[in-house]
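This is what each chain is made of:
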Amino acid sequence: MNIRNSCYTYFKIVGNFDPDKVSEILNLTPEKSWKIGDLRRNGTKYDFALWEIGRCAEYDIEVENQMRKTISLLQDKISLLNQIRIENDVTLTLEIVPTIYAGSTNPCLAPSLDVIDFCHATRTNIDIDMYVYGSDNK
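Below you will find a few notes about this structure. (Residues numbered from 1 in each chain as written. Predicted model: local features only at pLDDT ≥ 70, side-chain atom pairs only at ≥ 80, totals over all residues. Heavy atoms only, no water.)

## Description of helix α2 (residues 64–71)
At 3.6 residues per turn, the α-helix brings residues three or four places apart onto the same side.
In step 1: Among all positions in α2, only Glu64, Gln66, Met67, Thr70 and Ile71 are buried. Down the axis of α2, the smallest arc covering the buried residues is 155°, so these residues share one side.
In step 2: Elements that come into contact with the buried residues of α2 comprise β1 (6–16), β3 (49–56), β4 (89–101) and α4 (113–122). (Buried < 20%, exposed > 50% of the residue type's maximum accessible area, 1.4 Å probe, protein only. Helix = DSSP H or I, 4+ residues; strand = E, 2+ residues; numbered from the N terminus. Arc of directions from axis to C-beta. Contact = heavy atoms within 4.5 Å.)

## Some remarks on the pairing of β4
In step 1: Taking burial as the measure, the 13 residues of β4 include eleven buried ones, the bulk of the element.
In step 2: Two elements, β1 and β4, share eleven bridges in a ladder whose sense is antiparallel. Looking at the pairing, Phe11 lines up with Leu94 of β4.
In step 3: Of the pairings in the sheet, the one linking β4 to strand β5 (residues 125–128) comprises four bridges and is parallel in character. Looking at the pairing, Glu95 lines up with Asp127 of β5.
In step 4: Of the crossover connections in this fold, the one passing from β4 over α4 to the parallel β5 is right-handed. (Pairing = 2+ DSSP bridges. Right-handed = clockwise from strand over helix to strand, strands pointing away.)

## Brief notes about a nonpolar patch on the surface
In step 1: Taken together, Leu113, Ile116, Ile126, Ile128, Met130 and Val132 make up a surface patch of nonpolar side chains, about 530 Å² in accessible area.
In step 2: Only α4 and β5 provide two or more residues apiece to the nonpolar patch.
In step 3: Structurally, Ile126 is set in strand β5.
In step 4: According to the relative accessible area criterion, Ile126 is partly exposed, its value standing at 36%. (Patch = residues over 30% accessible without salt bridge, like charges linked within 9 Å, V, L, I, M, F, W, Y side chains within 5 Å. Areas by Shrake-Rupley, 256 points an atom, 1.4 Å probe, with all protein chains shown as cover. Salt bridge = Lys/Arg side-chain N within 4 Å of Asp/Glu carboxyl O.)

## Topic: the environment of Leu50
In step 1: Locating Leu50 in the fold gives a position in strand β3.
In step 2: For Leu50, a relative accessible area of 5% corresponds to the buried category.
In step 3: Taking the C-alpha atoms as reference points, Leu50 and Arg68, separated by 18 residues in sequence, lie 21 Å from one another.

## Description of the side chain of Thr93
In step 1: Along the chain, Thr93 turns up in strand β4.
In step 2: If we ignore the near neighbours within four places in the chain, the residues touching Thr93 are Tyr10, Phe11, Lys12, Thr124, Asn125 and Asp127.

## Some thoughts on the nonpolar core
Considering soluble globular proteins, one finds that nonpolar side chains tend to be buried as a cluster.
In step 1: Core analysis: the biggest nonpolar cluster contains 24 residues, and Phe11, Ile13, Leu26, Trp51, Leu74 and Leu81 have the highest contact counts within it.
In step 2: Only β1, α1 (19–26), β3, α2, α3 (78–87), β4 and α4 provide two or more residues apiece to this core.
In step 3: Among the elements that take part in this core, β4 stands out by supplying four residues, more than any other. (Core = buried A, V, L, I, M, F, W, Y, C linked by side-chain atoms within 4.5 Å.)

Now the structure itself:
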């Protein structure tokens with residue numbers, strides 16, 4: 001069996017805020033969101049709010065293309081994202097989650113200058129959660 005690398009990217013806002021208000025300000029519907037106090041599946045309550053959008057799981061060896069797709073909905077909303085960040089206790093993050101298998105071609109994880117410019121302009125963190133497996137993992 002030939003195991004292939006994969007990667008997904010998404011943008012998230014995390015902190016103490018109202019996700020519905022963020023949706024209203026940005027005029028976008030998140031793919032995932034919850035409020036502080038909402039119940040998790042295990043019955044405990046979230047102690048932070050989340051607003052997530054732009055999940056891109058269409059693997060591209062040049063992951064910068066996935067990053068671009070993720071932020072494409074937000075490129076014209078930099079001032080609104082800054083307003084949300086300044087007026088609320090939140091963190092903006094571009095998440096990159098590659099899964100890499102030994103023997104496969106290594107993906108290019110370097111963000112392009114336009115992605116870096118967006119992240120700098122909005123004070124967005126870039127977080128890479130990498131999973132690496134040996135050739136004996138399936």
